[in-house]
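Results of the structural survey
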Amino acid sequence: MTSSDRDAPSPVPAVPGAGPLEREAYDGLAPIYDYVMRHVDYVEWAEYVRSLLERHGDGVQRLIELACGTGNATLEFDRLGYDVAGYDASPAMIDVARGKAETLRRDVAFAVRDLRRLGQIGPVDAAVCLYDSFNYLLQPGDVDTALAEVWRVLADGGLFIFDVCTEENSLRHFSDMRDAEEGPGFVYSRHSYYDREQRLQFNAFDIRYDEGPVHVRETHRQRIYRCDELVERIGRSGFDLLACYDGFSLRKGSEKANRVHFVLRRQSAAAPSSPSPADRQEEAQGY
Ligand SMILES: C[S@@+](CC[C@H](N)C(=O)[O-])C[C@H]1O[C@@H](n2cnc3c(N)ncnc32)[C@H](O)[C@@H]1O
């Protein structure tokens, strides 16, 4: 992923016989993202997040979804009655989200924004960042920057909920996985592989659209953070770690889970204290 400042994706030239065009992550995938992810139950996911907002928050109304992709969860949060807006670094994904909101006649704003540079947003009561989007922050310093940015746009006491996928998930499901599918107007194949040494998960897509003819490739990279590293960084961020949950449950999250949801509360604007990481880890035992 690159910054929010990058230009909207240029139209892919139709060059019969030429090799595949290498695209930035999500530039080529955006038009078929919803098809590829059609197994994901966004209704259930949004309900789960709502249950966490109600459990840990106090009358959350103004909500933003960061790295919202094509807006599937954002539109669910709108349906649930939140004042919600969606932001994503990929102009192609935001285009799809906007088109969907227009088609569904839903008054939800979507804008291109990088997690690490949120600009003028807020203050809002809560921010969420779902479906392992946080793993796209490739450098540990990016996590600190993103946390600082989310802290900045939240009201005092505001909540931040994000999830990450774990090494267990990569090793168990995506260490060397290939699949291929044909959808309306396209075929794609995917190779997922995990570099254990670098803790990097790769997902390489090769997509051929009927229209064009167009052949694109894009490789996604995600850093698989250790949960205790995230806990340590959260401890230095001006947030309190309220809980971390295993998957979509209320069980304590651990490295054994495939996915862990973290729930953070913004400390007061006046001098966020920085207790030792050990203090923060008290609530996050189980790693
Ligand atoms: C797996 S998709 C999830 C999208 C959406 N949250 C969902 O549940 O369908 C990951 C998303 O993260 C976005 N993303 C990656 N890095 C980002 C960054 N630094 N800032 C904002 N969005 C980012 C991508 O553009 C992509 O839309």
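The structure under discussion appears in the preceding block.
The notes below deal with the structure included here. Given the structure is predicted, the values throughout are model-derived calculations rather than measurements.

**What to know about the sheet that holds strand β2 (residues 62-66)**
With mixed pairing, 7 strands are arranged side by side in an open sheet as β4-β3-β2-β5-β6-β12-β11. Only two strands of the sheet have a single neighbouring strand rather than two, namely β4 (109-112) and β11 (239-246). For this sheet, the mean inter-axis angle between neighbouring strands, taken without regard to orientation, is 20°. One ladder, built from 5 bridges, connects strand β5 (residues 124-129) with strand β6 (residues 154-165); its direction is parallel. By the bridge assignment for β6, Val 128 is matched with Ile 161. Those strands touched by helix α5 (residues 140-153) are β5, β6, β11 and β12 (259-266), and its axis lies near 145° from that of β6.

**Re the nonpolar core**
Counting 70 residues, the largest nonpolar core has Ala 127, Val 128, Cys 129, Phe 160, Ile 161 and Phe 262 as the members making the most contacts within it. No other element matches the 7 residues that β6 contributes to this core. Those residues within four positions of Ala 127 in sequence are excluded, and the remaining contacts are Ile 64, Leu 66, Val 150, Val 153, Leu 154 and Phe 160.

**With respect to the site of the ligand**
Residues in contact with the ligand amount to 19 residues; listed here are only the nearest, Ala 67, Gly 69, Ala 89, Ser 90 and Tyr 131. Here the shell around the ligand is composed, by residue class, of 11 nonpolar, 4 polar and 4 charged.

**As for the environment of Gly 59**
Residue placement: Gly 59 occurs in the loop between α2 (42-56) and β2. A residue is classified by how many C-beta atoms lie within 10 Å of it, and Gly 59, with 7 of them, is exposed. Sequence spacing of Gly 59 and Asp 125 is 66 residues, and the spatial spacing of their C-alpha atoms is 8.4 Å.

**Remarks on the packing of α2 against helix α3 (residues 72-79)**
Two elements in contact, α2 and α3, have axes separated by 9 Å at closest approach and are oriented at 60°. Between α2 and α3, the interaxial angle falls into the category oblique. Once α2 is placed against α3, the crossing between them reads as right-handed. Note on element contacts: α3 touches α2 through Asn 72, Ala 73, Glu 76 and Phe 77, opposite Tyr 42, Val 43, Trp 45 and Ala 46. Its residues assigned to classes, the contact of α2 with α3 comprises 6 nonpolar, 1 polar and 1 charged.

**Let's talk about helix α4 (residues 91-103)**
Because an α-helix completes one turn every 3.6 residues, residues spaced three or four positions apart along the sequence face the same direction. Between its first and last C-alpha atoms α4 spans 18 Å; for 13 residues at 1.5 Å apiece the expected length is 18 Å, and the two agree. Turning to α4, its buried residues are Ala 92, Met 93, Ile 94, Val 96 and Ala 97. Packing partners of the buried residues in α4 comprise α1 (33-36), α3, β3 (83-88) and β4. Positive backbone phi, approximately 55°, marks Arg 105, located one or two places after α4.

**So, α2**
With 15 residues, α2 should cover 21 Å at 1.5 Å per step; its first-to-last C-alpha distance of 21 Å lies within 8% of that length. Regarding α2, the residues found buried are Ala 46, Tyr 48, Val 49, Leu 52 and Leu 53. The buried residues of α2 occupy an angular sector of 155° when the element is viewed end-on, so they sit on one face. Of the exposed residues in α2, those oriented more than 90 degrees away from the buried face are Glu 44, Ser 51, Glu 54 and Arg 55. Considering only its buried residues, α2 is in contact with α3, β5, β6 and β12.

**Examining the sheet that holds strand β1 (residues 21-22)**
An order of β1-β10-β9-β8-β7 is seen for the 5 strands of this open sheet, with the pairing classed as mixed. Strands with a single pairing partner mark the edges of an open sheet, and in this sheet they are β1 and β7 (176-183). Summarising the sheet, strand β8 (residues 186-195) and strand β9 (residues 200-209) pair through 10 bridges and their orientation is antiparallel. Paired with Tyr 193 across the bridge in β9 is Phe 202.

**Describing the packing of α5 against helix α7 (residues 227-235)**
Put simply, α5 and α7 touch, their axes get as near as 10 Å, and they point 45° apart. By the angle between their directions, the pair α5 and α7 is classed as oblique. Here α5 and α7 pass one another in a crossing that is right-handed. Taking contact as the criterion, the partners of Val 143, Asp 144 and Leu 147 in α5 are, on α7, Leu 230, Arg 233 and Ile 234. The class makeup of the residues in the contact of α5 with α7 is 4 nonpolar, no polar and 2 charged.

Each value, and the rule that gives it
- Each chain carries its own residue numbering, running from 1 in the written order of its sequence.
- Where totals are concerned, whole chains, interfaces and linings use all residues; where local detail is concerned, this predicted model gives features only for residues with pLDDT of at least 70, and gives and counts side-chain atom pairs only at 80 or more.
- Any two strands are treated as partners once DSSP identifies two or more bridges connecting them.
- Put simply, DSSP marks the helices as runs of H or I at least four residues long and the strands as runs of E at least two long, and each gets a number from the N terminus on.
- For helices, the fitted axis covers only the stretch in contact; all axes are lines through C-alpha atoms, and the angles between them, taken along N-to-C directions, range from 0 to 180 degrees.
- Residue pairs are scored as contacts if the distance between their C-beta atoms, which are placed from the backbone, is within 7 Å.
- By our criterion, buried Ala, Val, Leu, Ile, Met, Phe, Trp, Tyr and Cys residues that link up through C-beta atoms within 7 Å make up a nonpolar core.
- Burial is judged by counting the other C-beta atoms within 10 Å of a residue's own C-beta: 20 or more makes it buried, 12 or fewer makes it exposed, and any count in between marks it as partly exposed, with every C-beta position built from the backbone.
- By definition, a residue lies near a molecule or strand when the C-beta atom built from its backbone is within 6 Å of it.
- Residue polarity follows a fixed list, in which Ala, Val, Leu, Ile, Met, Phe, Trp, Tyr, Cys and Pro are nonpolar, Asp, Glu, Lys and Arg are charged, and the others, Gly among them, are polar.
- By the definition adopted for this analysis, an angle is roughly parallel if under 35 degrees, roughly antiparallel if over 145, roughly perpendicular if from 65 to 115, and oblique otherwise.
- For a crossing to be left-handed, the near helix must be turned anticlockwise from the far one by less than a right angle; the clockwise case is right-handed.
- Helix span, expected: 1.5 Å multiplied by one less than the number of residues in the helix.
- In this description, one arc is meant: the one made by directions from the helix axis to the C-beta atoms.

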